[in-house]
Every structure is written in C-alpha cells, then in structure tokens.
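Chain residues, written in single-letter form:
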Amino acid sequence: MEKYILALDQGTTSSRAVVFNKKVQKIATAQREFTQYFPQPGWVEHNPEDIFFSTFSVMKEALAKAEITPEQIDSIGITNQRETVIMWDKNTGKPVFNAIVWQCRRTADMADKLIADGKGDLIRSKTGLLPDAYFSGTKIKWILDNVSGVREKAERGEILAGTVDTWLIYRLSGGKVHVTDYTNASRTMLFNIHTLEWDKELLDLLNIPASILPEVKDSSCIYAMTDKNLCGFEVPIASAIGDQQAALFGQGCFETGETKTTYGTGCFLLMNTGTKPVDSKHKLLTTIAIGLNGKIEYALEGSVFIGGALIKWLRDELGIISSADEINERASRVKDTGGVVIVPAFTGLGAPYWDAYARGVIIGLTRGTGRDHICRAALEAIAFQVKDELECMKEDSGIKLPSLKVDGGASISDIMMQFQSDILDTPIYRPENIETTVTGAAFLAGLATGFWKSKGEIKKVWKVDKLFTCGMDDAERTKRYDQWKRAVDRARGWTQQ
C-alpha cells in the first residue's frame, strides 16, 4: 500500500494542505483564505479558530482530492507563519484573545523601551534577535497586561501560549500536547539559543510566567497522534518548523554556507551557518535553522522589505503593467534599464543601511525612458537589495557564497534570476518545485517516521529547474553596484527633520 505525507502550510493570509508521494510529487492540494482583522492602524489580528478550521478544512479537502485512505497517510508535517501568538485557557481550550500577528506593531513602544532601558544587547546576546514588536515576547506580555483576567489565570497555571504550530498541534491532538520546535521558539525573544531553554532573565524582564510556554523539541519528531474523534484517524504529527526555516530545509541547504532566498512580498534570506551561531555586525538576525536528530544548526537571516510588493505597486498604483506576469515580457524588450535605478524604500531600508527615514526613488530618468525600462529596473532593484543582504552575510560569517538557491513566486522571472546571478557573480539554482516551504515540512515529517531514510535521500529527489550562471564581467558588475549605492544615498534620510 503506497504511503503519503500530508503537509500543512499555515500562512499569514491562507492555510494550505499538500499531499506528497515519496518522489515529492504533489498528489493533491487545497487552499483557503481567512479573515484579517485590523482593529487599529498598525494592529493585525487573526481569529485563532479561523486559523485552525481553515487548516483542518484544507487537510480534509486535500485528502479527499487525493482519494487515499487514512491508512495511507504516513504522517503530518506542519510549517507556519512565525512570531504570531495565540493564548488559550488550559481548561477549556478556548482562545482568550485573537491571535496577534507577526505584522502587528501594537507593542512597538514596549520594544523601544527595552532598547531605551539598555536591554538590547542582553536580548541580542541570548536570542540572536533585536528588540522589536515583530517577535512574540512582547505580544504575550501585551495579552497578559491588557486582557482582563488572563494574567491572574496565567499565574495559577491555567493559561497556555504558543506560536501557530503549537496551537495546531494542540488542537489536532485533542489537547494532549503543548509543544513547539526550536525554530519557532527561537523567534519569540524569550528563548536562549545557546542554552536551548526558555530564559528566566528574559521571562522576568517581560513578566511572563514560564508555565504558559510549550515544551521545545526537534523540528522532526513525533509530537503526538491526531485525535481520532476529531480527525477520524490517528496518524503521527511528525514535524513543525517556521516557514523560512522550512524553505531552507526544503531547498536542501544542509551544509554550512548554503543559502536560500525566498522572493515573495518581501525577500527572506537564510544562510546555514552550521553548529555555531554567528553574531552579526550588520544587525542581521541569528536564529535556529533546524533541530534534527538532537543536533542544532543555526542560520543568519536577512529581510528585504519590498520584493514582489514592488511589482504589485507598479501594477496597482502606477498602472505600468496590468498583471505581474507582464513585467517580465516588458523587461525583455530592452537590453538594459537605460540608466534608470529604482530604490523601493517605501518603508525605509534594512541591512546594511538601517534607515527608517529613507523613502523610495526612481532616478536616472530621461526623455527616452519608457515603461519597459522601469519594469527592468524594478526587477533589478529586487536583486540589488538581495545582494546588499548577502554581502552582509558573507562579511559576518566569513563564508564565501558557493551558490544561491531561490524560490517563491517572483523567482519565476528568468530576467531577474539572471541579473541576480550576474550581480552576485554566483550560480543561482531554481528548483522544479518553488514551493519549498511546504516541501520542507513534508521532508521533516518523513524523516521522523523513516518514510525517507536520510538527508542524502532527500537530496536525490530535489530537482533543479534551471541554473543561472554569471555572464557579467567584473568591471560592469562594479559599475552597476556603485550606481545602485549612489541611488540609495539619494533615498536616505528623506523624511528626517
């Protein structure tokens, strides 16, 4: 009887389920969006029940589409939006408040105070993170401080808290386990990535009881069996991992120095730095890449704020293109940008500039500039930002980038991937399956149960769609990158008084 892996990808705007066979072919998929709540400017919430029921429904739908029996499900793997926090009553299993989403900025003042009080270096030394509303710790404190009765219940041991993986495993198991994995724990600003435990000093700093937090385990292990009364079957829940770390694993970045970039709304870059955490001099994040077979590996992480969102802006706000696909067709009509450079600093600039006052510019316009030049410049802008981040990673780690593996929706652009290779002077590998996040969750579940025997076996099923190699000489590369940096200088500090 052929067996299959069921992988669940719980994202920020939708939940997805994919059934994979042993060759990592997708047998069936299902996806469902759910409601986003914006109670105040800068606040973002989800209903925890929406998160669970959208995930549960796509799980059922994918299995129905696959036309397989429960006995054919080897295991379930879970990957999830990171940093989003859910808290619930231990006795009833009911959420005490909406999920506070990773995008939510309600605790920005709290994070700023930690920095003002001189706690930034302490937090960074223990967690690899910078104090920010992005991470889970301040969100947990906000719920404890602002939702009536929750802190009192938490002090009595009647509240449970966790990231989305914890919530889903708790619900799918019928409330039997309260667990998370090392990757999700490392995004909370409460977990010591060196001692591998919830850090008492940080918990005291934010006044968070340790009793509400989950047990931390490997990213690939059997956490629990699904509850038969709920699911109709009992199968192992055998992986949990944050979405960007799942993509790193799904890309087969198993060796030190192997790096992936996910080209989505923004761009997430992760470099596997091996068994020792690397401290960043450029304010990149040091995070846990994987917990596997009792061994921890670390990663450097950088984020480009505006990636595919730039393409969407050209479509929705400027009307230069009518669809995202059109940008590649238009960019292919011209041999270069005609000297145009776009710096998409719509919300400031990240590493290595860290300038919140920067704003977007389009520079180098002439009377001969047309839509096609701007389209090509937009694709190149995304690649330039990735280069900025990767240069930081190389300096921090001392590792020369052997190659770059790419995924995400915008990676389908051959023009952008070729320019990325040119400007990096590095080979670019795009896999046949660019949905590496959900694939990573499947791989890890299969390793936990023996469905796949080793990482070596996984390497064999990872297939390259296209290899891009550098076709630009050193002088041209230096000239183009210098031009980019001059354009960035024009964008910096624009809103500063």
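Above this note sits the structure.
Below or above, wherever it landed, is the structure these notes cover.

Analysis parameters
- Residues numbered from 1 in each chain as written.
- Predicted model: local features only at pLDDT ≥ 70, side-chain atom pairs only at ≥ 80, totals over all residues.
- Heavy atoms only, no water.
- Axes fitted to C-alpha atoms, helices over the stretch in contact; angles between N-to-C directions.
- Helix = DSSP H or I, 4+ residues; strand = E, 2+ residues; numbered from the N terminus.
- Parallel < 35°, antiparallel > 145°, perpendicular 65-115°, else oblique.
- Contact = heavy atoms within 4.5 Å.
- Nonpolar A, V, L, I, M, F, W, Y, C, P; charged D, E, K, R; others polar.
- Disulfide = S-S within 2.5 Å.
- Buried < 20%, exposed > 50% of the residue type's maximum accessible area, 1.4 Å probe, protein only.
- Patch = residues over 30% accessible without salt bridge, like charges linked within 9 Å, V, L, I, M, F, W, Y side chains within 5 Å.
- Areas by Shrake-Rupley, 256 points an atom, 1.4 Å probe, with all protein chains shown as cover.
- Salt bridge = Lys/Arg side-chain N within 4 Å of Asp/Glu carboxyl O.
- Pairing = 2+ DSSP bridges.
- Phe/Tyr/Trp six-rings, centres within 6.5 Å; stacked < 30°, edge-to-face > 60°.
- Lys NZ or Arg CZ within 6 Å of the ring centre and 35° of its normal.
- Core = buried A, V, L, I, M, F, W, Y, C linked by side-chain atoms within 4.5 Å.

### Remarks on the packing of helix 14 (residues 414–424) against helix 17 (residues 474–491)
One way to put it is that helix 14 packs onto helix 17 with a least axis distance of 9 Å and a crossing angle of 100°. When the axis of helix 14 is compared with that of helix 17, the two are roughly perpendicular. When helix 14 is examined against helix 17, the residues F419, D422 and I423 are found in contact with a partner set consisting of R477, R480 and Y481. When grouped by side-chain class, the residues that make up the contact of helix 14 with helix 17 number three nonpolar, no polar and three charged.

### Digging into the state of the cysteines
Within the structure shown, the criterion is met by zero disulfides. Free of any disulfide, C267 has its nearest cysteine sulfur in C392, 15 Å distant. For C392, a relative accessible area of 3% corresponds to the buried category.

### Some points on a nonpolar patch on the surface
Taken together, L318, I362 and L365 make up a surface patch of nonpolar side chains, about 250 Å² in accessible area. Here L318 lies in helix 11 (residues 308–318). When its relative accessible area of 42% is taken as the criterion, L318 is described as partly exposed.

### So, the environment of R490
Inspection of the secondary structure assignment puts R490 in helix 17. Expressed as a C-alpha distance, the spacing of R490 and F20, which sit 470 residues apart in the sequence, is 48 Å.

### Some details on the sheet that holds strand 23 (residues 464–468)
Overall, mixed pairing links the seven strands, which are arranged 17-18-16-15-21-22-23 in an open sheet. The outermost strands of the open sheet, each flanked by one partner alone, are strand 17 (285–292) and strand 23. On average, each strand axis in the sheet is tilted by 25° relative to the strand beside it, whichever way the strands run. Where strand 22 (residues 428–431) meets strand 23, four bridges bridge the pair, whose relative direction is antiparallel. Considered in strand 23, the bridge of I428 is made with F468. Together, strand 15 (259–263), strand 16 (267–274), strand 18 (295–304) and strand 21 (404–407) form the strand contacts of helix 13 (residues 371–397), whose direction differs from that of strand 18 by roughly 140°.

### A closer look at the sheet that holds strand 5 (residues 73–80)
With mixed pairing, six strands are arranged side by side in an open sheet as 3-2-1-5-14-13. The sheet is open, and its two borders are formed by strand 3 (26–33) and strand 13 (220–225), each paired with just one other strand. Neighbour-to-neighbour, the strand axes of this sheet turn through a mean angle of 25°, independent of strand direction. Pairing geometry for strand 2 (residues 14–20) and strand 3, over seven bridges, is antiparallel. If you follow S15 over to strand 3, its bridge partner there is R32. Relative to the sheet, helix 15 (residues 436–449) contacts strand 1 (4–10), strand 2, strand 5, strand 13 and strand 14 (236–242), its axis offset from that of strand 5 by approximately 135°.

### Describing the packing of aromatic side chains
What the rule picks out here adds up to 17 aromatic pairs. Here the aromatic rings of F52 and F53 are separated by 5.2 Å at their centres, their planes lie at 65°, and the arrangement is edge-to-face. Looking at F52, the relative accessible area reads 1%, which means it is buried. Between W102 and Y134, the ring centres sit 6.0 Å apart and the planes meet at 65°, which makes this aromatic pair edge-to-face. Linking W102 in the loop between strand 7 (99–100) and helix 2 (108–116) with Y134 in the loop between helix 3 (120–127) and helix 4 (136–146), this pair joins segments that are 32 residues apart in sequence. Owing to a relative accessible area of 16%, Y134 belongs among the buried residues under this scheme. Members of the aromatic cluster, joined through ring pairs, are F384, F419, Y481 and W484. Here K405 stacks its cationic end above the ring of W462, 4.3 Å away from the centre of that ring.

### Here's the deal with the nonpolar core
By size, the foremost hydrophobic cluster in this structure holds 58 residues, and its most contacted members are Y263, I327, V343, L390, L404 and W484. A total of 13 residues in this core trace back to one element, the largest contributor, which is helix 13. Other than its neighbours up to four places away in sequence, V343 contacts L349, R359, G360, V361, W484, A487, V488 and A491. Judged by nonpolar contacts, the second largest core, of 41 residues, contains V44, M87, L144 and Y298.

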